[in-house]
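What follows is the residue order along each chain.
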Amino acid sequence: MTTSTIEAVVPGEQIKESETDHPLGNGGRQIIQAHSEEDISNVLQYANEHVLTVNIMSGGTKRGYGGTMKEADILLSLANYKGIVEHSVGDLTLTVRPGTTLKEISDQLAESGQCLALDPPWPELATIGGIVAANDSGCKRLLYGSARDLVIGTRIVYVDGRVIRTGGKVVKNVAGYDMNKLFIGAMGTLGVISEITLKLRPLPKYEGLSLVHFPDGGEQKMHDVARCILDSMMEPVSLEVLTPSISEKLTGERLYTLVIAFEDQEKAVIQQEKWVTEHLPSGVTQTILSEQEASEWWDAFRHQGPNGHNDDPDATDTQAALKLGSLPSDVPANLKIAEELAGVHHVSLEAHGGAGHGISRVYLNGFPEDIIAFTKALRSAVENKHGYVICTHLPFEMRPAADVWGEKPAYFSLLEGIKQTNDPKKLLNRQRFVGGI
Amino acid sequence: MFRKKQAKQKPDAVASALITIAGKENVLYLKEDLLSYECDGYTLERGMPRAVVFVRNTQHVADVVKQLNALGVPYIARGAGTGLSGGATPRGGEIIISLVRMKRLLELDLENRQAVVEPGYINLKLTQSISDKGYYYAPDPSSQYACTIGGNVAENSGGAHCLKYGVTTNHILGLEVVLPSGEMMEIGKSGVPDQPGYDLLGLLTGSEGTLGIVTKITVNILKNPEGKKTALAYFDDIDDASQAVSDIIATGIIPAALEMMDEIAIEGVEASAYPVGHPRDIAAFLLIEVDGIQAGIDDQIDDILTVCKSNHVRDVKVAQDEAERSMWWANRKMGFGAMGAISPDYLVQDGVIPRTRLPEVLTRITEISRKYELRIANIFHAGDGNLHPLILFDARVPGESDRASKAGSECLQVCADVGGSITGEHGVGIEKSAEMRFIFSDEEMRAQTDIRHVFNPDDLLNPGKLFPEPGRCVEVKHNEKKEAAASIN
Ligand SMILES: Cc1cc2nc3c(=O)[nH]c(=O)nc-3n(C[C@H](O)[C@H](O)[C@H](O)COP(=O)(O)OP(=O)(O)OC[C@H]3O[C@@H](n4cnc5c(N)ncnc54)[C@H](O)[C@@H]3O)c2cc1C
């Protein structure tokens, strides 16, 4: 049965005409709000029958991440499809709808002394659906892993309206292919995530945070300290390098800074902080924050960079964000190169990267052509060491020139084959992903 | 399924082609040589391969695959053959591509906590060869002294310490694979995280050798924990032991391992080569290990002892030294094999349940045991709800193999009923393909086979595994097994 109009598919009050011309693109001529999985399924089925393209959005924090189509026929909003479906306290698992923000999840879990060990930025705006679809993460992935380590099940609405369960609700499961993995980081190009089940952790008993500042020219020392900790039996949850510019903003010191955090029993945290103090070379300064200060510090840290809503339309400068992936040991050097290139290309830069996990984030401000030139130069430097550079936030107009995803991987035909299998008409988030998928 | 050929003294055309690629010393084709490749660690179903080729390098794998494609002959990758679901078992007539001679440790990058190994490298060897530097490889299946890391990747294997450290997929950073097209692909280049593109690493891990043949693996290695303590807690009532498991987790501790064995399992391990001297009249014991920063360990173990005491533990003790700890672990890790001491045959099952449903599931397993008049021992990773009911039977008694298989299937149904899974670490293989229907609809399985088609369009790589053949329900499977078992004996 084909349905002739969208009004027959979802109630009229859930349909809106599009806002005009969003500078980040990824919009839709019609905005449809889903209030249920059935809504999602009906809208997709309708789109599939009528060959209409569909963009998917929840909190909109990643609206500037990929996409070379200004708007699709439909913008499917999941922002109102939210809430916790089931929190099984004894099993340390949570099932949640995609439009729920990370903050809503964290607040709810904290009441039972538990948490979801994901710490990407902007927790009150970013929804779990978007975080999983974009595979976003924060510095504590060093110890706790990223979405692929925490998602144990999903419900996916395929483009033809089928609802497919992947994984399950138990923490260990190898029945069939690990289909969860396909949808994590797929940027919504393979299906709409309508429910997610995640593995939880108990809230840490105690949180410790030290900031270690290195004097000018102390990058090698910093590299050595990071390696020394990683080669020890200490168990940091984060070992994040801050460039001087972002460090000044967050710590008051315009110096390379290492953010060393521990989460454990209080005794274990104190013991590790002591160990770090004893192993620091001369000439560096260490500030150990109280638990309260640490929590405020992380809060500030997680409110850096573009969030899809904080671009200033009147500013002469443009803001952009990049994600770098590299070997962990290359992180300090990559950040140093980024800093130098920022000078060459006249962009202002704030950056941080995980000396133990290999993901770095670069936030930029400058003229569009400078940002593009900088990105290209940085990409070629990072790729030389087998790393990559992705543009996680750029105004729509700049994306083609900046080449959001970089070179296609050698196995691109497999990616295309998977896309073809799940969404043969290429309707879902068209051109949002690697190689124009 | 495939026409069986009578093995001849001279290599047939296919074996000759394999010899041309890999050399005579690397090909088996005589029937007597092929017998040990009829099945893996799951012995209820068997099939004869057509030949076995021991590849020495990635090029061999690619050449063999291309050659077999050209000839239209199906093939199966095989590691140590310790799999427990028939993943490496032929349906009949396949070529076995054995990776056991690709067994080198290729690179060690301590700075980035990475090691690169060939697929035939044995799991335990990795830990042994880096332990002097203070590192280890976390996934520790009980078969780790024999199984290969390639097999671990294919099965997404777990182990006792996965509760805290995760299963194989959480430790794989890169793979080199030969696809069924014969093309070689490097995925997760150099171990750099979050490569742009769909997560093929995650998809390939646990695909039971049906999407590609893994020829090189980059794994994440970990630094040894600073401190470690192991406790053994004896309970008179299995419900108390189950409750203790939940209460330990509720204290906010994630133990490195939290294992349980019931009375029959204890009878088995005490009769085996690694007895510990467990009291024989207890209902269950918990083997609990915590590790991490030394300064926090004592508090954790104290909290655990308190939980055990509040759950009426009869006796609880902490290992006094490494020798005692090792003895407890050897006793646990040899648990499956130990059943051989009290039963001529046993079938290992591998269901998963939400941890909180443990008491009711154990009760239902007891009922299944009564119904089929077969003893069922329980050894399991209690912390993550991964049960291993071991169904004891005697294949020489007519009908017992069949009853064992049915009882196993019913245990999995119980797991599915409480919202769990039919396998936590051993894989689906041949054994549980019909039971996939307990947890997935036909439409959901089709979504998976559609993905297989992208990688393995002609289904020449490990055909007939993982998914039920259309129309093949559990009943049909049991009848087939009955015939298979009859033909073995
Ligand atoms: C006594 C005993 C205890 C066990 N304990 C555990 C345990 O605690 N946890 C656990 O998870 N498992 C356990 N197992 C099961 C088994 O050891 C694991 O599944 C192991 O990973 C299999 O490795 P293998 O090298 O023997 O693989 P095989 O049995 O040879 O093959 C297993 C599957 O992997 C595929 N395969 C093998 N190599 C490759 C490759 N290079 N590329 C692609 N596919 C490949 C095969 O086709 C097959 O489908 C146990 C088994 C036994 C016998």
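Residues numbered from 1 in each chain as written. Chains lettered and ligands numbered in written order. Predicted model: local features only at pLDDT ≥ 70, side-chain atom pairs only at ≥ 80, totals over all residues. Heavy atoms only, no water.

## Re the site of the ligand
Residues and elements named next belong to chain B.
Step number 1: The immediate surroundings of the ligand are formed by 34 residues, with A77, G79, T82, S143 and T148 found nearest.
Step number 2: Within the backbone of G151, a nitrogen or oxygen atom sits 3.4 Å from an oxygen atom of the ligand.
Step number 3: Contact distances for the ligand include 2.9 Å between an oxygen atom and a backbone N or O atom of G158.
Step number 4: For the ligand, the accessible surface in isolation is 980 Å², of which the surrounding protein chains cover 95%.
Step number 5: Counting only elements with at least two residues in the shell around the ligand, the list comes to β3 (75–78), α5 (149–155) and β10 (213–220).
Step number 6: In terms of residue count, α5 provides more of the shell around the ligand than any other element does, five residues in total.
Step number 7: Among the residues forming the shell around the ligand, the class breakdown is 13 nonpolar, 17 polar and four charged. (Near = heavy atom within 4 Å. Polar contact = N/O pair within 3.5 Å; in protein donor to acceptor, adjacent residues only side chain to side chain. Areas by Shrake-Rupley, 256 points an atom, 1.4 Å probe, with all protein chains shown as cover. Helix = DSSP H or I, 4+ residues; strand = E, 2+ residues; numbered from the N terminus. Nonpolar A, V, L, I, M, F, W, Y, C, P; charged D, E, K, R; others polar.)

## Let's talk about the interface of chain B and chain A
Step number 1: Each partner contributes residues to the interface: chain B has 84 residues there, and chain A has 72 residues.
Step number 2: Here chain B and chain A share an interface that buries about 6600 Å² over both sides, 58% of which is from carbon and sulfur atoms.
Step number 3: The three residues of chain B that bury the most area against chain A are B:D194, B:Y198 and B:I293, which together make up 13% of that side's buried surface.
Step number 4: The tally of links from chain B across to chain A stands at seven salt bridges.
Step number 5: Of the charged contacts, one joins A:K267 and B:D299 as a salt bridge, the two residues approaching to 3.1 Å between their closest N and O atoms. (Contact = heavy atoms within 4.5 Å. Buried area = accessible area lost by both parts, 1.4 Å probe. Salt bridge = Lys/Arg side-chain N within 4 Å of Asp/Glu carboxyl O.)

## Some thoughts on the domain arrangement of chain B
All names here are of chain B.
Step number 1: Annotation of chain B at the domain level lists domain 1 (13–98), domain 2 (105–223), domain 3 (225–338) and domain 4 (343–489).
Step number 2: Measuring from the centre of the C-alpha atoms in domain 1 to the corresponding centre in domain 4 gives 25 Å.
Step number 3: Taken together, the contacts link 20 residues of domain 1 with 24 residues of domain 4.
Step number 4: Regarding the contact of domain 1 and domain 4, the summed buried area is about 1800 Å², with carbon and sulfur atoms giving 62% of it.
Step number 5: The largest contributions to the domain 1 side of the interface with domain 4 come from L44, S85 and R91, which together make up 38% of the buried area.
Step number 6: At the junction of domain 1 with domain 4, the criterion picks out zero salt bridges.
Step number 7: On inspection of domain 1 and its partner domain 4, the count reaches 11 residue pairs in polar contact (both at pLDDT 80 or more).
Step number 8: Residues of the side of domain 1 that touches domain 4, tallied by class, amount to nine nonpolar, seven polar and four charged. (Domains from an automatic or database assignment.)

## Quick look at the UniProt feature "domain: FAD-binding PCMH-type" (unreviewed entry) in chain A
Step number 1: The sites that UniProt annotates as "domain: FAD-binding PCMH-type" (unreviewed entry) are residues 24–203 of chain A.
Step number 2: When the span residues 24–203 of chain A is considered, its composition is 23% helix and 28% strand, and the gap between its end C-alpha atoms is 37 Å. (UniProt positions renumbered as here; feature names shortened; annotations may be inferred.)

## Things to note about the pattern of salt bridges
All names here are of chain B.
Step number 1: On inspection of all chains with the given rule, the structure shows 48 salt bridges over all chains.
Step number 2: Here R325 makes a salt bridge to E289, at a shortest N to O gap of 2.8 Å. Of the two residues, R325 sits in helix α11 (residues 322–333) while E289 sits in strand β14 (residues 284–292), which places them 36 residues apart along the sequence. No difference in accessibility class separates R325 from E289, as the two residues are buried. (Buried < 20%, exposed > 50% of the residue type's maximum accessible area, 1.4 Å probe, protein only.)

## Here we look at the packing of helix α9 (residues 266–279) of chain A against helix α10 (residues 294–310) of chain B
Step number 1: At their nearest, the axes of α9(A) and α10(B) sit 7 Å apart, and the two run at 170° to each other. In this view, α9(A) runs roughly antiparallel relative to α10(B), as classed from their interaxial angle. Touching A:K267, A:A268 and A:Q271 of α9(A) are B:A295, B:G296 and B:D299, all from α10(B).
Step number 2: Here the contact of α9(A) with α10(B) is built from residues that sort into two nonpolar, two polar and two charged. (Axes fitted to C-alpha atoms, helices over the stretch in contact; angles between N-to-C directions. Parallel < 35°, antiparallel > 145°, perpendicular 65-115°, else oblique.)

## Here's the deal with the sheet that holds strand β18 (residues 359–366) of chain A
Working definition: the strands of a sheet are paired by backbone hydrogen bonds and lie parallel or antiparallel to each other.
Residues and elements named next belong to chain A.
Step number 1: If you walk across this open sheet you meet the eight strands as β15-β12-β14-β13-β17-β18-β16-β19, and the pairing is antiparallel. Across the chains shown, the open sheet's two edge strands, defined by having one partner strand only, are β15 (285–289) and β19 (388–393). Shown here is a sheet whose adjacent strand axes are inclined to one another by a mean of 20°, direction ignored.
Step number 2: Relative to β18, strand β17 (residues 348–354) runs antiparallel, the two sharing six bridges. By the bridge assignment for β18, H352 is matched with R361.
Step number 3: Packing against the sheet, helix α8 (residues 244–251) makes contact with β12 (206–214), β13 (238–242), β14 (256–264), β17 and β18, and its axis sits at approximately 85° to β17.
Step number 4: Packed onto the sheet, helix α11 (residues 331–344) meets β13, β14, β16 (318–325), β17 and β18 and runs at close to 175° relative to β17. (Pairing = 2+ DSSP bridges.)

## Some points on the packing of aromatic side chains
To describe a pair of aromatic rings, you give the distance between the ring centres and the angle between the ring planes.
Step number 1: Per the counting criterion, the structure on display carries 11 aromatic pairs over all chains.
Step number 2: Residues A:Y65 and A:W405 carry aromatic rings whose centres are separated by 5.4 Å and whose planes lie at 25° to one another, so their mutual orientation is stacked. Linking A:Y65 in the loop between β3 (54–57) and β4 (71–77) with A:W405 in the loop between α13 (399–402) and α14 (412–422), this pair joins segments that are 340 residues apart in sequence. Here A:Y65 and A:W405 have matching classes, each one buried.
Step number 3: Through pairs of rings, three or more aromatic residues link up here, namely A:Y65, A:W405, A:F433 and B:Y198.
Step number 4: One cation-aromatic arrangement involves A:K140 over A:W298; the distance from NZ or CZ to the ring centre is 4.8 Å.
Step number 5: For B:R101, the ring lying beneath its charged end belongs to B:F54, and the centroid distance is 3.9 Å. (Phe/Tyr/Trp six-rings, centres within 6.5 Å; stacked < 30°, edge-to-face > 60°. Lys NZ or Arg CZ within 6 Å of the ring centre and 35° of its normal.)

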